[in-house]
Amino acid sequence: MPGPDCRAISDGDLARALKDGYAWALHETWRRFAPMVSVMAARAMGSNTESEDLTQEVFYRVFRKTKTIREPDSLRSFVYSFAIRVLKTELRRKRTRGWLSFHRSETLEDIGHATVDVESRDLLRRFYGLLDRLTTRDRLVFVLRHLERMTVEEIAARMDISLSTVKRSLLHANDKLARWVETDLGLPGFLGADP
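Values in this document were obtained by computation on a predicted structure and should not be read as measured data.

Further remarks concern the overall build of the protein chain. Looking only at helices and strands, the protein chain features 9 helices and 0 strands. Listed N to C, the secondary structure of the protein chain is α-α-α-α-α-α-α-α-α in terms of helices and strands. Of the contacts made within the protein chain by residues no fewer than 6 positions apart, 61% connect residues no fewer than 24 positions apart. As displayed, the protein chain offers around 11500 Å² of accessible surface, 52% of which is attributable to carbon and sulfur atoms.

Written out as structure tokens, the structure reads:
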């Protein structure tokens, strides 16, 4: 089967073509879903460089497991599930490295554009420093809800956890972050609140 007009192909037909081993389907899957995975990884990790590596890892795993797609019409969810698993693993690894290291790793060296002012970059660096203090599940739930704008139901389905666990993690992350923002002397003043 030659490469058709790929933009008109449904996710289900694309998944079936992947299972059948068509080369054009690999390219179209990357074109269609890599930007979504890359943006989610950058938001979760706080680094464009790390997001590129993680995106490649996600698609390496997706392409290795294409034969296991049970519901071709849910290709987007299939890709998302791999992205979330890879992010969880990397966030755990990052957290463990932070415990074992005497030096704090610098985050966000590459996330901004040249036009971002120094104060905004500093605020973003501090925000990701606070996210680093959350547990892996709380951080991922917070990022998926507030940065990816997923519903609680979508998060539960993609992370394969219960709704109540998602709600608890979200509440826990929001409470901790609110407390940490208040106690970090630089953040309330920068955000316009009184210290």
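There is more to say, and it comes next.
A few words on the layout of surface pockets. Vacant regions in the atomic arrangement are exposed by a probe of water-molecule size rolled over the atoms. One number sums up the size of the largest pocket: a volume of about 490 Å³. Of all the secondary-structure elements, those providing two or more residues to the lining of the largest pocket are α4 (75-100) and α7 (152-159). When residues in the lining of the largest pocket are grouped by element, the largest group, 7 residues, is from α4. Its residues assigned to classes, the lining of the largest pocket shows 6 nonpolar, 4 polar and 7 charged.

Taken as a whole, this structure holds 11 salt bridges when the rule is applied. Among the ionic pairs, aspartate 132 bridges to lysine 94, the shortest N-O distance being 3.6 Å. In this pair, aspartate 132 sits in helix α5 (residues 118-133) while lysine 94 sits in helix α4, placing the two residues 38 residues apart along the sequence. For arginine 125, the salt bridge goes to aspartate 122, with nearest N and O atoms at 2.5 Å. One end of the pair, arginine 125, and the other, aspartate 122, are both in helix α5, 3 residues apart, so they sit about a helical turn from each other. Its relative accessible area of 35% is what places arginine 125 among the partly exposed residues. Overall, aspartate 122 belongs to the partly exposed group, its relative accessible area being 29%. Within the structure, one salt-bridge network assembled from shared partners comprises Asp11, Glu28, Arg31 and Arg32.

Time to look at the packing of aromatic side chains. Per the stated rule, a full pass over the model turns up 6 aromatic pairs. Considering the side-chain rings of tyrosine 22 and tryptophan 24, the 6.2 Å spacing of their centres and the 25° angle between planes classify their relative orientation as stacked. Tyrosine 22 gets classed as partly exposed once you look at its relative accessible area, which sits at 26%. Residue classification places tryptophan 24 among the buried positions, given a relative accessible area of 12%. On the basis of an interplanar angle of 65° and a centroid distance of 4.9 Å, the ring pair of tryptophan 30 and phenylalanine 59 is categorised as edge-to-face. Linking tryptophan 30 in helix α2 (residues 23-45) with phenylalanine 59 in helix α3 (residues 48-64), this pair joins segments that are 29 residues apart in sequence. Residue classification places tryptophan 30 among the partly exposed residues on the basis of a relative accessible area of 38%. Its guanidinium or amino end placed over the ring of phenylalanine 82, arginine 85 lies 4.7 Å from that ring's centre, counting from NZ or CZ.

As a further point, take the environment of methionine 159. Mapping methionine 159 onto the fold places it in helix α7. On the basis of relative accessible area, methionine 159 is assigned to the buried category, the value being 5%. Between the C-alpha atom of methionine 159 and that of lysine 88, which follows or precedes it by 71 residues, the distance is 9.6 Å. In this structure methionine 159 touches Ile84, Lys88, Arg137, Leu140, Val141 and Leu144, once residues within four positions along its chain are discounted.

The biggest cluster of nonpolar side chains holds 50 residues, and the ones touching the most others in it are Val58, Leu75, Val79, Leu87 and Leu144. Setting aside chain neighbours within four positions, we find valine 79 in contact with Phe33, Met36, Val37, Val58, Phe59 and Val62.

Moving on, we get to the packing of α7 against helix α8 (residues 163-183). Where α7 contacts α8, the two axes come as close as 9 Å, and the packing angle between them is 110°. Compared by their axis directions, α7 and α8 come out roughly perpendicular. Of the two elements, α7 crosses α8, and the hand of that crossing is right-handed. Across the interface between the two elements, Val152, Glu153, Ile155 and Ala156 of α7 pack against Leu163, Val166 and Lys167 of α8. The residue inventory of the contact of α7 with α8, partitioned by class, reads 5 nonpolar, no polar and 2 charged.

Here is what the cut-offs are and how they apply
- Residues numbered from 1 in each chain as written.
- Predicted model: local features only at pLDDT ≥ 70, side-chain atom pairs only at ≥ 80, totals over all residues.
- Heavy atoms only, no water.
- Helix = DSSP H or I, 4+ residues; strand = E, 2+ residues; numbered from the N terminus.
- Contact = heavy atoms within 4.5 Å.
- Areas by Shrake-Rupley, 256 points an atom, 1.4 Å probe, with all protein chains shown as cover.
- 1 Å grid on protein atoms, 1.4 Å probe; cavity = no way out; pocket = protein on both sides within 12 Å on 5 of 7 lines; lining within 4 Å.
- Points joined across faces, edges and corners; volume = space filled by probe spheres on them.
- Nonpolar A, V, L, I, M, F, W, Y, C, P; charged D, E, K, R; others polar.
- Salt bridge = Lys/Arg side-chain N within 4 Å of Asp/Glu carboxyl O.
- Buried < 20%, exposed > 50% of the residue type's maximum accessible area, 1.4 Å probe, protein only.
- Phe/Tyr/Trp six-rings, centres within 6.5 Å; stacked < 30°, edge-to-face > 60°.
- Lys NZ or Arg CZ within 6 Å of the ring centre and 35° of its normal.
- Core = buried A, V, L, I, M, F, W, Y, C linked by side-chain atoms within 4.5 Å.
- Axes fitted to C-alpha atoms, helices over the stretch in contact; angles between N-to-C directions.
- Parallel < 35°, antiparallel > 145°, perpendicular 65-115°, else oblique.
- Left-handed = near helix turned anticlockwise from the far one by under 90°.

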